[in-house]
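Spelled out from the first residue to the last, the chains are:
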Amino acid sequence: MMSFSMKRATQIVCIFLFSVSIPLCHSSTFAATKSSSQSKNRQRVDESILAEQVDQLIEAELVKSKVKPAQLANDEDFLRRVTFDLAGRKPTTSEVILFGLDSNPLKRKTIINDLLKSEDYAVNWARYWRDVIYLRATNARSRINQNEFEAWMTTQLSENKSWDQIATDMLTATGDVRENGETALIFAHEGDPAELASETSRIFLGIQIQCANCHDHPTDKWKRNSFHELAAFFPRVRVRPVRDAMPRSFEVVSVDQGSQYDRRLQMFEDPSPLFKAFDRNRDGKLTESEVKRSRLARNFEQMLTRGDSNADKALTIKEIKNIALPANTRRATPEYLMPDLNDPTSAGKIVHPVLFIGTKAPQGLKDIKRRETLSKFLTSKSNPWFARAIVNRLWAEMLGEGFYMPIDDIGPERSALYPEVLDALADGFTANGYDLKWLYRTITNTRAYQREMQKKTPEQMHTPFAAQSPTRLRGDQIFTAITQVFGVDDLQTSRVRDRRYRGNQTARGKFSTLFTFDPSTAQDEITGDVPQALFMMNSSTINNLLGTSSNTKLAQIAKEFTNNKDAIQELYLLTLSREPSKSEMKICQDYIKSTDNRNEALEDLMWSLVNSSEFITKR
């Protein structure tokens, strides 16, 4: 096991400063008008043509603002960036060298297509969507099916299933959660209608409608009814334990059969059949004598207590409709009840499913039909928010900032940056059948994506997309990069103790939990923490892999590259996927010469590179 003295650590840190948090540039909101309406007659669009149109629109705005865009990133930086973005890994040393030697002017387009065909692409983005869903789960036990979800999502992405089909499968899923990965979203929120309404809107429409749960939305046009009408698509779905299952499991099921509570709810919603049957004198009132020996007799006294507003010992149709049922009937019925804020002890009133963009579902639909109807509403080409949400999310993930920020808080009351660009991408994505690979190809082929990352000028700070913004790698991507650097398949992290590791005991799971962050979070809000820094600097896991006395990757480099310059260059290519600059090379060579032990100096150098902020950041 290696050990580093404070003196040696200080020497190295002075050369390669390890930063716990990443210095991120964040531009202020760019003034823009609201986007124009989408064309109804969409035609398939070639991604290269659209990428050029996007760049022309962005660059025209930059010219108006008198802002000079950054030049395109060099081959090394582009290759590292696009490989992390699409495949979730760093490029190998040989890939960096061969890409640099390739004189084909279309090599960037070629590598984009190759990465999208790789299995790494599907695995990387399946893990991304895992984090989107599970990091906001309402119950931690939902992690028991995250492996099934990852496997299912990997298959969908490998087969290039369209985004509308993936969304539909998640919203209409049923079955054992350990066998059906598509149940993840429903299981993560225990089938709760209000939680599912919130997350469905946030993930698939980019709209935070949950703010209208208890009151009208404070900043958007959504009313309280809008939220609960969306939740009314989900009251008939349940998450139940699977009997005698080992290991313990749960299943997503539909509850469509009417119960005694359901019949009571129907009676209170429309009491007219009762009056037709029991109002013998046709005075518009029901009395105890009229309902005697009927199914109402047993509960009539309680109904009088709760509904007889004028104390005349009789009930009118209006009074029965106004009777508030106990709150414990809310989940005992397959109908959705909107809570009564004035009477929290009551079940509330029945609300029928309506999508807040103005589409109403037929009444009386069973569970699967309700969820299928919602999916059709959401993914319809006439619904602009479905395409905008995913375009905005993926653009922000790969460029560091989106057209709307935060990425999951868009809507008609918000103004987008470069609205014409967002419209063009959303229209193209819709016209191409919600093809995710088409969207990735379009974004990565733009000059906006391929610009170099540089310290922004004051003008660029206020003008998005003038230069690439640095973004922090996700926990899975850092883990993969570490295993690549040290030439191992896995890391031994059992010695790391953190309460956040519970329920995820694989080495990757533990590491990802320590380094993870919600992918929906803006980059300028993401910072590292002390446990992360201590793990990278001091963990025995990393230090054991840095030795030169055993058959480690570093030992092979020290043995094979006897020339210090060659060894330094190889370490840079291995860790940062680039060659060192002239000044970096001089600093490293001087440091090696100043020490008595070359191997220890190389260990220090590799430790410093792995602990640099550049290592955990896309550049």
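Residues numbered from 1 in each chain as written. Predicted model: local features only at pLDDT ≥ 70, side-chain atom pairs only at ≥ 80, totals over all residues. Heavy atoms only, no water.

## Topic: a nonpolar patch on the surface
Part 1 of the argument: On the surface, a cluster of nonpolar side chains totalling about 330 Å² of accessible area is made up of Ile 97, Leu 98 and Leu 101.
Part 2 of the argument: Within the secondary structure, Ile 97 sits in helix H4 (residues 93–101).
Part 3 of the argument: For Ile 97, a relative accessible area of 42% puts it in the partly exposed group. (Patch = residues over 30% accessible without salt bridge, like charges linked within 9 Å, V, L, I, M, F, W, Y side chains within 5 Å. Areas by Shrake-Rupley, 256 points an atom, 1.4 Å probe, with all protein chains shown as cover. Salt bridge = Lys/Arg side-chain N within 4 Å of Asp/Glu carboxyl O. Helix = DSSP H or I, 4+ residues; strand = E, 2+ residues; numbered from the N terminus. Buried < 20%, exposed > 50% of the residue type's maximum accessible area, 1.4 Å probe, protein only.)

## Remarks on the pattern of salt bridges
Part 1 of the argument: Counting across every chain of the model gives 33 salt bridges.
Part 2 of the argument: Across the pair Glu 150 and Arg 130 runs a salt bridge, and its minimum N-O distance is 3.0 Å. Of the two residues, Glu 150 is situated in helix H7 (residues 146–158) and Arg 130 in helix H6 (residues 119–134); the sequence distance between them amounts to 20 residues. By the burial criterion, Glu 150 is buried, and Arg 130 matches it.

## Focus on the sheet that holds strand E1 (residues 175–176)
Part 1 of the argument: With respect to topology, three strands assemble into an open sheet ordered E1-E3-E2, the strand pairing being antiparallel. Each edge of the open sheet is held by one strand with a lone partner, namely E1 and strand E2 (237–241).
Part 2 of the argument: Across two bridges, the pairing between E1 and strand E3 (residues 250–254) is antiparallel. Each bridged residue has a counterpart across the sheet, and for Gly 175 the counterpart in E3 is Val 252.
Part 3 of the argument: Helix H17 (residues 367–379) rests against E2 and E3 of the sheet, and its axis sits at about 90° to E3. (Pairing = 2+ DSSP bridges. Contact = heavy atoms within 4.5 Å. Axes fitted to C-alpha atoms, helices over the stretch in contact; angles between N-to-C directions.)

## Brief notes about helix H19 (residues 419–431)
Part 1 of the argument: Compared with an ideal rise of 1.5 Å per residue, which puts 13 residues at 18 Å, H19 spans 18 Å between its outermost C-alpha atoms and is within 8% of the ideal.
Part 2 of the argument: Across the 13 residues that make up H19, a large majority, eleven, are buried.
Part 3 of the argument: Every buried residue of H19 is accounted for by Pro 419, Val 421, Leu 422, Asp 423, Leu 425, Ala 426, Asp 427, Gly 428, Phe 429, Thr 430 and Ala 431.
Part 4 of the argument: Residues of H19 that are buried in the fold lie against helix H2 (47–64), helix H8 (163–171), helix H18 (384–399) and helix H20 (436–444).
Part 5 of the argument: A positive backbone phi angle near 70° is found at Gly 433, which sits one or two residues after H19. (Expected span 1.5 Å × (residues − 1).)

## Section: H2
Part 1 of the argument: Taking 1.5 Å as the rise per residue, H2 with 18 residues should run 26 Å; its terminal C-alpha atoms sit 26 Å apart, in good agreement.
Part 2 of the argument: Taken residue by residue, H2 has Glu 47, Leu 50, Ala 51, Val 54, Asp 55, Ile 58 and Leu 62 as its buried positions. All buried residues of H2 lie within an arc of 140° about the axis, which places them on one face of the element. For H2, exposure combined with an orientation more than 90 degrees from the buried face picks out Val 63 and Lys 64.
Part 3 of the argument: Packing partners of the buried residues in H2 comprise H18, H19, H20 and helix H21 (447–450).
Part 4 of the argument: Two or three places before Ser 48, at the start of H2, stands the capping residue Asp 46, its side-chain oxygen 2.9 Å from that residue's backbone nitrogen.
Part 5 of the argument: Looking one or two residues beyond H2, the residue adopting positive phi is Lys 66, at roughly 60°. (Arc of directions from axis to C-beta. Polar contact = N/O pair within 3.5 Å; in protein donor to acceptor, adjacent residues only side chain to side chain.)

## Side note on the confidence of the model for the protein
Part 1 of the argument: Taken residue by residue, the protein gives an average pLDDT of 85. The fraction at 70 or more is 85%.
Part 2 of the argument: Predicted confidence for residues 494–503 stays below pLDDT 50, and this span has 14 contacts to residues more than four positions away or in other chains. (pLDDT = per-residue confidence, 0-100.)

## Things to note about unusual backbone geometry
Part 1 of the argument: Across the junction of Met 246 and Pro 247, the peptide omega takes the value 0°, indicating a cis bond.
Part 2 of the argument: Position of Pro 247 relative to the elements: it lies in the loop between E2 and E3.
Part 3 of the argument: In this structure, the amide linkage connecting Met 405 to the following residue, Pro 406, adopts the cis form with an omega of -5°.
Part 4 of the argument: Looking at the secondary structure, you find Pro 406 in the loop between H18 and H19.
Part 5 of the argument: Look at Ala 311: it is not a glycine, yet its phi comes out positive at around 55°.
Part 6 of the argument: Relative to the helices and strands, Ala 311 is located in the loop between helix H15 (297–307) and strand E5 (314–315).
Part 7 of the argument: The backbone of Tyr 434 shows a phi angle near 55°, a positive value even though the residue is not glycine.
Part 8 of the argument: Among the structural elements, Tyr 434 can be located in the loop between H19 and H20.

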